[in-house]
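The chain contents come next:
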Amino acid sequence: MGAPGTKGRPRFSLWSLLPHACLLCGADADAAQICVPCDAELPRLTSKRCAVCALPLATGRICGACLQRPPRYDRVIAPFSYRFPVDALIQAYKYRGRLAHARVLGTALAAIVPPDVDVVVPMPLAPRRLAERGYNQALEIARLVASATGIPLIALACRKVVETPPQASLPWKERAKNVRRAFVCDADLRGRRVAVVDDVLTTGATLNELARVLRKAGAVEVAGWVVARTLPR
Ligand SMILES: [Zn+2]
Ligand SMILES: [Zn+2]
């Protein structure tokens, strides 16, 4: 998988000396954890996509939906579409505690994000979900992205204050209602350009609602930096 951000001093890491097996096929891989042939097969998003929501676009810069109802976020950056094997890597990370996958996912995201924000914040997880899972998957990815790019991370900028059913369990059109008023932001973000890091973006409803709250806290721009974008079937 792509090299991490090249900014800053390269750091010596014992990690790079350990033998690694490719997470996907088990062949020898370097510290990137995905071998070169598997990396070449990953479902990367093409450059022909909407500059705002990142959905594929045949012509133009911004899709009809974003022109008609501009979201509260400015743009979405994602290296992958949410297809095999990226979906499997994310699910194993999120639901089966494969924390090592965070490194692969975060490194791929860090390699493509433009350094055009002032702070990075993770998509918050509700306290009960956090207690069940033991970690916020978005925060672990955000840590990697922040350290690779040198952009400061505000880990506790926002909180999820309403326990909502998982978005994945709901039909797409109910998702905006489900997350309404679900977040508060405790940070002073006046004049800041903010990137929200998350694992997957599907309808954008959750990012849209968090962007609303971040703007109320003073953010002048909100980008969504996600590992994978779900594409319509
Ligand atoms: Zn492989
Ligand atoms: Zn769009």
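This text follows the structure it describes.
Predicted model only: the values in this text are computed from it and were never measured.

Peer 1: How should the coordination of the zinc ion (ligand 2) be read in this particular structure?
Peer 2: For a metal with four tetrahedral donors the ideal donor-metal-donor angle is 109.5 degrees, whereas six octahedral donors ideally subtend 90 or 180 degrees. Within the protein, the zinc ion (ligand 2) binds to Cys50 (SG), Cys53 (SG), Cys63 (SG) and Cys66 (SG); these donor distances fall in the range 2.3 Å. If you look at the zinc ion (ligand 2), its 4 donor atoms make angles of 104 to 113° with each other, and the shape they trace is tetrahedral. Sequence spacing among the residues donating to the zinc ion (ligand 2) works out to C-x2-C-x9-C-x2-C. The exposure classification of cysteine 63 matches that of cysteine 66, with both residues buried.

Peer 1: Just checking my understanding: could you explain the packing of helix 4 (residues 100-110) against helix 6 (residues 137-149) for this structure?
Peer 2: Packed helices, taken two at a time, are described by their axes: the angle between them and the distance between them. Two numbers describe how helix 4 lies on helix 6: the axes approach to 8 Å, and their chain directions differ by 45°. One element, helix 4, and the other, helix 6, form an angle in the oblique class. Crossing geometry of helix 4 relative to helix 6 is assigned as right-handed. Note on element contacts: helix 6 touches helix 4 through Glu140, Ile141, Leu144, Val145, Ala148 and Thr149, opposite Ala102, Arg103, Leu105, Gly106, Leu109 and Ala110.

Peer 1: Please clarify how the coordination of the zinc ion (ligand 1) should be interpreted in this entry.
Peer 2: With distances of 2.3 Å, the protein atoms coordinating the zinc ion (ligand 1) are Cys22 (SG), Cys25 (SG), Cys35 (SG) and Cys38 (SG). Of note is the zinc ion (ligand 1), whose 4 donor atoms meet at the metal with angles of 102 to 115° in an arrangement that counts as tetrahedral. The sequence motif formed by the donor residues of the zinc ion (ligand 1) is C-x2-C-x9-C-x2-C. One end of the pair, cysteine 22, is in the loop between strand 1 (20-21) and strand 2 (28-29); the other, cysteine 38, is in helix 1 (residues 36-40), with 16 residues separating them in the sequence. Of the two residues, cysteine 22 and cysteine 38, both sit in the buried class.

Peer 1: Could you clarify how one ought to interpret the environment of aspartate 74 in this entry?
Peer 2: Mapped onto the secondary structure, aspartate 74 falls in the loop between helix 2 (64-68) and strand 3 (75-77). When the C-alpha positions of aspartate 74 and valine 52 are compared, they lie 5.8 Å apart, and in sequence the two are 22 residues distant. Those residues within four positions of aspartate 74 in sequence are excluded, and the remaining contacts are Ala51, Val52, Arg215, Val220, Glu221 and Val222. In terms of polar contacts, aspartate 74 uses its side chain to reach the side chain of arginine 215, at 2.7 Å.

So, how was this worked out
- Residues numbered from 1 in each chain as written.
- Chains lettered and ligands numbered in written order.
- Predicted model: local features only at pLDDT ≥ 70, side-chain atom pairs only at ≥ 80, totals over all residues.
- Heavy atoms only, no water.
- Donors = N, O, S within 2.8 Å, 3.2 Å for Na, K, Ca; no water.
- Tetrahedral: all angles 85-135°; square planar, octahedral: opposite > 155°, others 65-115°.
- Buried < 20%, exposed > 50% of the residue type's maximum accessible area, 1.4 Å probe, protein only.
- Axes fitted to C-alpha atoms, helices over the stretch in contact; angles between N-to-C directions.
- Helix = DSSP H or I, 4+ residues; strand = E, 2+ residues; numbered from the N terminus.
- Parallel < 35°, antiparallel > 145°, perpendicular 65-115°, else oblique.
- Left-handed = near helix turned anticlockwise from the far one by under 90°.
- Contact = heavy atoms within 4.5 Å.
- Polar contact = N/O pair within 3.5 Å; in protein donor to acceptor, adjacent residues only side chain to side chain.

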